[in-house]
Amino acid sequence: QNKNPPLSENTKADIGPKIRKDFDFSVVRSDLNAINEALDEDTQRGTDRIVRAILQDITELEIAQKQKPGVPRSETRLKNVCGKLDKLEKAFGDYLAFAD
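The present account deals with the structure reproduced in this document. (Residues numbered from 1 in each chain as written. Predicted model: local features only at pLDDT ≥ 70, side-chain atom pairs only at ≥ 80, totals over all residues. Heavy atoms only, no water.)

### What about helix H3 (residues 25-37)?
The end-to-end C-alpha distance of H3 is 18 Å, a good match for the 18 Å that 13 residues give at a rise of 1.5 Å each. Those residues of H3 lying buried are Val28, Leu32 and Asn36. Viewed along the axis of H3, the buried residues span an arc of 65°, placing them on a single side of the element. Where H3 is buried, its residues touch helix H4 (41-65) and helix H5 (75-97). (Helix = DSSP H or I, 4+ residues; strand = E, 2+ residues; numbered from the N terminus. Expected span 1.5 Å × (residues − 1). Buried < 20%, exposed > 50% of the residue type's maximum accessible area, 1.4 Å probe, protein only. Arc of directions from axis to C-beta. Contact = heavy atoms within 4.5 Å.)

### Topic: the nonpolar core
Counting 17 residues, the largest nonpolar core has Val28, Leu32, Ile54, Leu61, Val81 and Tyr95 as the members making the most contacts within it. Per-element accounting of this core gives the leading share, 7 residues, to H4. Setting aside residues up to four positions removed in sequence, Leu32 forms contacts with Val51, Ile54 and Tyr95. (Core = buried A, V, L, I, M, F, W, Y, C linked by side-chain atoms within 4.5 Å.)

In structure tokens:
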């Protein structure tokens, strides 16, 4: 099952605007920091590392997704972008695991 349908349907898809909208760096950072403040100190030690990883993953995804207009992504680039999305999904999952 492909979890990245826009890319599988159109390898030329400009996903940059959607990434910037869904993963607005400053909003995500602010929201995660606000949640972290509500957690106890021991939990914060674990979540701080994950928050840094999430923010780094967003930055890496933004760079990896860049594509010249009208040019399809190579299989390697497509795998790279999908890998970054999967890594980001895992990091959010790790963060949410602290809420359980």
